[in-house]
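# Structural characterization, general
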Amino acid sequence: MNARHTPPSLPLELDSVGFIHRGHTLLKPTTLRLVGCQRTLIMGPNGAGKSLLMRLAHGLLTPTSGSVRWQGEQPAQAMVFQRPVLLRRSALDNLTYVLAINKAARPELTTLPRKAQAMSALEKFGLAHLAKRPARVLSGGEQQRLALARAWLLNPQVLFLDEPTSALDPAAIKAVEDAVREFHHSGTRIVMTTHDLQQARRLADDIVFMHNGELLEHTPAHAF
Ligand SMILES: Nc1ncnc2c1ncn2[C@@H]1O[C@H](COP(=O)(O)OP(=O)(O)OP(=O)(O)O)[C@@H](O)[C@H]1O
């Protein structure tokens, strides 16, 4: 493995994590332990609570009951959404910006000049020829690869991906899946939602199955 960093050896633990909104239980108390440098795919029908579970795990949302904790120091995390949120500037500048705003919190990211790091990430994800193009005019697949390049620069120990391929054609889906493998090989733990069982079989080490705001199963991928 060509690891860029030591993967989080200590697990992420969700202990009876629940989420109630305006009297409606959207996530029933859920206990989940993610250990090692695995690729965990979260599956289930629309409205099952997949994104909710992931946002709670990432810390974007606070549970209304239970707790989310990393045993040990909280690792560096990044998240890629179904529709990438990109700034109104060039592809290259979207990347240099993320390095600039993380300068204080993550000084280790600034060992090389920002532009050189950003260009190398664009090259890695096949976007170097689009460096100067405004990010928001890129195709859906290109935007998703740019979001992945941005996450790559942050060198996350854990990458959360929320249905990153649901709006993409087969070639773009393959590019995203290859990128997920690349993150995994570099030592990043993956937590990703998908509707696509075949994709889960291609990518997952373990699968979490949700239904109606409830975690029904957490199993190794080969047993799903
Ligand atoms: N922050 C929030 N506040 C209030 N309701 C929410 C919030 N996040 C999600 N919900 C609701 O919780 C339910 C589960 O949503 P979630 O997005 O987790 O489903 P999902 O399994 O990811 O579905 P899909 O496959 O359609 O994306 C939905 O009814 C949604 O409207």
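What comes next is a walk through the structure. (Residues numbered from 1 in each chain as written. Predicted model: local features only at pLDDT ≥ 70, side-chain atom pairs only at ≥ 80, totals over all residues. Heavy atoms only, no water.)

This part is about the overall build of the protein chain. The secondary structure content of the protein chain amounts to six helices and nine strands. Against the compact-globule benchmark of 17 Å for 224 residues, the protein chain has a radius of gyration of 17 Å, which places it among compact chains. Across its three principal directions, the C-alpha atoms of the protein chain cover 45 × 40 × 40 Å. Looking at the protein chain residue by residue over its 224 residues, the buried ones come to 50%. Taking contacts inside the protein chain between residues at least 6 apart in sequence as the whole, the part at least 24 apart equals 71%. (Helix = DSSP H or I, 4+ residues; strand = E, 2+ residues; numbered from the N terminus. Rg over C-alpha atoms; globule rule 2.2 N^0.38 Å. Buried < 20%, exposed > 50% of the residue type's maximum accessible area, 1.4 Å probe, protein only. Contact = heavy atoms within 4.5 Å.)

Take unusual backbone geometry next. Its identity is not glycine, yet R22 carries a phi of approximately 45 degrees, on the positive side. Its location among the elements puts R22 in the loop between β1 (12–21) and β2 (24–34).

What follows deals with the packing of helix α3 (residues 114–124) against helix α4 (residues 140–153). In contact at an axis separation of 9 Å, α3 and α4 are set at 130 degrees when each is read in the N-to-C sense. On the basis of the axis angle, α3 is oblique to α4. Pair α3 / α4 crosses with right-handed handedness. Residue-level contacts link Q117, A118, A121, L122 and K124 of α3 to L146, A149, W152 and L153 of α4. Grouping the amino acids of the contact of α3 with α4 by side-chain chemistry returns seven nonpolar, one polar and one charged. (Axes fitted to C-alpha atoms, helices over the stretch in contact; angles between N-to-C directions. Parallel < 35°, antiparallel > 145°, perpendicular 65-115°, else oblique. Left-handed = near helix turned anticlockwise from the far one by under 90°. Nonpolar A, V, L, I, M, F, W, Y, C, P; charged D, E, K, R; others polar.)

Around the ligand, the surrounding shell holds 13 residues, and the nearest of these are N46, G47, K50, S51 and H195. Contacts to the ligand include A48, whose backbone N or O atom sits 3.0 Å from an oxygen atom. H195 has a polar side-chain atom sitting 2.7 Å from an oxygen atom of the ligand. Tallying contributions element by element places helix α1 (residues 50–58) first for the shell around the ligand, with three residues. When the residues that make up the shell around the ligand are grouped by side-chain class, the tally is five nonpolar, six polar and two charged. (Near = heavy atom within 4 Å. Polar contact = N/O pair within 3.5 Å; in protein donor to acceptor, adjacent residues only side chain to side chain.)

It is worth spelling out the sheet that holds β1 at this point. If you walk across this open sheet you meet the three strands as β2-β1-β4, and the pairing is antiparallel. Since the sheet does not close on itself, it has two edges, and those belong to β2 and β4 (65–70), each with one partner. Taking the axes of each pair of neighbouring strands and ignoring which way they run, one obtains an average angle of 20 degrees across the sheet. (Pairing = 2+ DSSP bridges.)

So, about the packing of α4 against helix α5 (residues 170–185). Following both chains from N to C, one finds α4 and α5 inclined at 10 degrees, their axes separated by 9 Å at the closest point. Relative to α5, the element α4 is oriented roughly parallel. On the side of α4, the interface is formed by G141, Q144, R145, L148, A151 and W152, while α5 contributes A172, A175, V176, A179, E182 and F183. Looking at the contact of α4 with α5 residue by residue, the class counts come to eight nonpolar, two polar and two charged.

Before going further, it helps to examine the packing of aromatic side chains. One pass over the full model with this rule turns up four aromatic pairs. An angle of 70 degrees between the planes, with centres 6.1 Å apart, marks the rings of F125 and W152 as edge-to-face. Of the two residues, F125 sits in the loop between α3 and α4 while W152 sits in helix α4, which places them 27 residues apart along the sequence. Here the two residues F125 and W152 agree in accessibility, since each one is buried. By way of ring pairs, the aromatic residues F125, W152 and F183 are connected into one cluster. (Phe/Tyr/Trp six-rings, centres within 6.5 Å; stacked < 30°, edge-to-face > 60°.)

Soluble globular proteins tend to pack their nonpolar side chains together in the buried interior. By size, the foremost hydrophobic cluster in this structure holds 43 residues, and its most contacted members are L146, L148 and L159. Residue contributions to this core peak at seven residues, all from α4. Those residues in contact with L148 that lie beyond four places of it in its chain are V80, F125, L159, L161, V176, A179 and F183. With 21 residues, the next largest nonpolar core counts L12, L32, M54 and V158 among its residues. (Core = buried A, V, L, I, M, F, W, Y, C linked by side-chain atoms within 4.5 Å.)

Most of strand β7 (residues 189–193) sits out of view: five of its five residues are buried. Relative to β7, strand β3 (residues 39–43) runs parallel, the two being bridged by four bridges. In the sheet register, R39 faces β7, and the bridge partner there is I190. Sheet analysis places strand β6 (residues 158–162) next to β7, joined by five bridges and oriented parallel. When the sheet's bridge partners are listed, L159 is paired in β7 with I190.

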